[in-house]
Amino acid sequence: MELFWSSIFNSTRPVKRLITILLDACFIFMAFFGAFATRLEDFNTIYDPEMWLGFSVLLPVSLFIFTKLGLYRAILRYVNIQAMWVILLGCFLSFTTLVTIEFLTKVGVPSTVPLIYIILCVVLVGGSRMMVKSVVTGRIIGNKSAIVVYGAGSAGRQVALSLANRAMYAGC
């Protein structure tokens, strides 16, 4: 497992970006068909050509939205609440795209499916980024003791920098 994570962390930025885009495509797929499976309590919609047509429009539009919002420029180690708001906005715009596709194609989609979709999308896309952040932070901190520096101004920054340079402490 360590070899797997090391190969991903040591790959180039374009490769990491491609991996993130492919994972988001899988998450959108799971959110889309998972919403139907959750609502209808079966997986028969995966065999419906109309649903695949809707998904074939939803996927590239959603990935385009995520790209324009900057989700693939962010360094995952620095994911914070601001990034989560961007993920929420991206999933909301994807939800809006799904509702628009439903309206324009007149496909019989239950009204709760888009709501389930946005919940699954936020959990999968946002949760994956938080999980990667957790793994990266754990790899960086390792056996160091975590220390929180509380204070404003240059003195607090100096203490944080001093702790960051020590082998046994990790500033939070």
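Residues numbered from 1 in each chain as written. Predicted model: local features only at pLDDT ≥ 70, side-chain atom pairs only at ≥ 80, totals over all residues. Heavy atoms only, no water.

S.K.: Would you explain the overall build of the protein chain in this entry?
M.R.: Within the protein chain, the secondary structure is distributed over six helices and two strands. Walking the protein chain from its N terminus toward its C terminus, one meets helices and strands in the order α-α-α-α-α-β-α-β. Sequence separation of 24 or more characterises 70% of the internal contacts of the protein chain that already satisfy a separation of 6 or more. For the protein chain, the exposed surface amounts to about 10900 Å²; the carbon and sulfur share of it is 69%. (Helix = DSSP H or I, 4+ residues; strand = E, 2+ residues; numbered from the N terminus. Contact = heavy atoms within 4.5 Å. Areas by Shrake-Rupley, 256 points an atom, 1.4 Å probe, with all protein chains shown as cover.)

S.K.: Would you mind going over the environment of Phe 29 with me for this structure?
M.R.: Mapped onto the secondary structure, Phe 29 falls in helix α2 (residues 13–40). For Phe 29, a relative accessible area of 27% corresponds to the partly exposed category. Residues Phe 29 and Leu 58, 29 residues apart in the sequence, show an inter-C-alpha distance of 9.4 Å. (Buried < 20%, exposed > 50% of the residue type's maximum accessible area, 1.4 Å probe, protein only.)

S.K.: What is the right way to look at the packing of aromatic side chains in this model?
M.R.: Both the distance between ring centres and the angle between the ring planes are used here to describe each pair of aromatic rings. According to the stated counting rule, one finds 10 aromatic pairs in the structure shown. The interplanar angle of 50° and the centroid separation of 5.7 Å between the aromatic rings of Phe 33 and Phe 55 together place this pair among those described as tilted. One end of the pair, Phe 33, is in helix α2; the other, Phe 55, is in helix α3 (residues 49–68), with 22 residues separating them in the sequence. The exposure class of Phe 33 is buried, given its relative accessible area of 5%. Classification of Phe 55 by relative accessible area gives buried; the value is 8%. Ring centres of Phe 92 and Phe 95 lie 5.8 Å apart, and the angle between their planes is 35°; this geometry places the pair in the tilted category. Linking Phe 92 with Phe 95, this pair stays in helix α4 (residues 81–105), spanning three residues, or about one helical turn. What makes Phe 95 buried here is its relative accessible area of 16%. Aromatic rings pair up to connect Phe 29, Phe 32, Phe 33, Phe 36, Trp 52 and Phe 55 into one cluster. (Phe/Tyr/Trp six-rings, centres within 6.5 Å; stacked < 30°, edge-to-face > 60°.)

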